[in-house]
Amino acid sequence: MANKPLSILVAGPDADATRPVEDGLAGAGGRDRIADRIVVVHGFADLAVRVAALAPDAVVAVLETSDPATLDGVFRLARSGACAVVLFADKAPPGAAAQAAEAGVAAFVLDGLHPARVRPILETALARYAAFETLKRERDEARTQLADRKLIERAKGILMQQKSLTEEAAYNALRKAAMKQGRRIADIAQSVITAAEIEL
């Protein structure tokens, strides 16, 4: 993390609430900061808008009360996947921890905000968020590959039926058209399927 410049948005109801986080992020005597840019906001009303504008690597939210509307806003932010979300709360309603986990909050700490704990919790949250994003990307790639294979199989079937081609010849025809047009084979397969559907 030391090699990558980080941007952290700290949100809390007031300066007293956010100060322990600021102290924890600044490091000893302001040296060895964990982030190159730390933006502090007081209030949660425009949190999603601020995140969209600032594009931070993480949001550290500090709640002193278990206001359901504020909690819901933080959970929505976590669900968006825009950045890692760390939540410190003095107290929370029953089930809040489960909701936080389901929403994708990277770290949820109850009644444990101390400057010395902020840095390791944030580092763990950033690592967890990065691992989760990698898993999501791999899942999406696997889904795309599966969908592409289905398109190609369907297009091969159409070509085999319409042109009396073997499976290998049908695939080669798709591949040749893709190379000639500079497109993906799956895109050519979709064109073949669409054309066949229009003819029907």
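Our subject is the structure that appears above.
Just so you know, these numbers come straight off a predicted model, no measurement behind them. (Residues numbered from 1 in each chain as written. Predicted model: local features only at pLDDT ≥ 70, side-chain atom pairs only at ≥ 80, totals over all residues. Heavy atoms only, no water.)

(A) The arrangement of the overall build of the protein chain in detail. From N to C terminus, the protein chain includes seven helices and five strands. Ordered by position in the sequence, the α and β elements of the protein chain form the string β-α-β-α-β-α-β-α-β-α-α-α. A compact globule built from 200 residues would reach a C-alpha radius of gyration of about 16 Å, whereas the protein chain, at 25 Å, exceeds it by more than 25%. Classification of the 200 residues of the protein chain by burial places 35% in the buried group. Carbon together with sulfur atoms contributes 53% to the accessible area of the protein chain, which is approximately 11700 Å² in total. (Helix = DSSP H or I, 4+ residues; strand = E, 2+ residues; numbered from the N terminus. Rg over C-alpha atoms; globule rule 2.2 N^0.38 Å. Buried < 20%, exposed > 50% of the residue type's maximum accessible area, 1.4 Å probe, protein only. Areas by Shrake-Rupley, 256 points an atom, 1.4 Å probe, with all protein chains shown as cover.)

(B) Representation of the packing of helix α1 (residues 15-26) against helix α5 (residues 115-163). Interaxial distance between α1 and α5 falls to 7 Å at its minimum, and their mutual angle equals 65°. In terms of orientation, α1 lies roughly perpendicular with respect to α5. Where α1 crosses over α5, the two elements pack in a sense that is right-handed. Residue-level contacts link Pro20, Val21, Asp23, Gly24 and Leu25 of α1 to Pro115, Val118, Arg119 and Leu122 of α5. (Axes fitted to C-alpha atoms, helices over the stretch in contact; angles between N-to-C directions. Parallel < 35°, antiparallel > 145°, perpendicular 65-115°, else oblique. Left-handed = near helix turned anticlockwise from the far one by under 90°. Contact = heavy atoms within 4.5 Å.)

(C) Focus on the layout of surface pockets. In this structure, the largest pocket occupies an estimated 220 Å³ of space. Around the largest pocket, the lining is made up of 17 residues, and of these Ala103, Gly104, Val105, Tyr129 and Phe132 lie nearest the centre. Contributing elements (two or more residues each) for the lining of the largest pocket: α3 (68-80), β4 (84-89), α4 (96-103) and α5. For the lining of the largest pocket, the element with the most residues is α5, which contributes five residues. Here the residues of the lining of the largest pocket sort into 10 nonpolar, two polar and five charged. (1 Å grid on protein atoms, 1.4 Å probe; cavity = no way out; pocket = protein on both sides within 12 Å on 5 of 7 lines; lining within 4 Å. Points joined across faces, edges and corners; volume = space filled by probe spheres on them. Nonpolar A, V, L, I, M, F, W, Y, C, P; charged D, E, K, R; others polar.)

(D) Molecular detail of a negative patch on the surface. A cluster of acidic residues, Asp14, Glu64, Asp90 and Asp111, forms a negative patch at the surface. Inspection of the secondary structure assignment puts Asp111 in the loop between β5 (107-110) and α5. A residue is classified by how much of its surface remains accessible, and Asp111, at 63% relative accessible area, is exposed. (Patch = residues over 30% accessible without salt bridge, like charges linked within 9 Å, V, L, I, M, F, W, Y side chains within 5 Å. Salt bridge = Lys/Arg side-chain N within 4 Å of Asp/Glu carboxyl O. Lys, Arg positive; Asp, Glu negative; His and termini not counted. Charge placed at Lys NZ, Arg CZ, Asp CG, Glu CD.)

(E) Just unusual backbone geometry, in detail. With phi around 50°, Ala55 is a residue other than glycine that occupies positive phi space. Position of Ala55 among the secondary structure elements: in the loop between α2 (47-54) and β3 (58-63). On the accessibility criterion, Ala55 (56% relative accessible area) is exposed. Residue Ser164 is not a glycine yet carries a positive backbone phi of 55°. Tracing the backbone shows Ser164 in the loop between α5 and α6 (167-181).

(F) Just the environment of Ala189, in detail. Mapped onto the secondary structure, Ala189 falls in helix α7 (residues 185-199). Residues Ala189 and Ala178, 11 residues apart in the sequence, show an inter-C-alpha distance of 9.0 Å. Ala189 has contacts with Leu151, Ile152, Ala155 and Leu174, leaving out every residue within four places of it along the chain.

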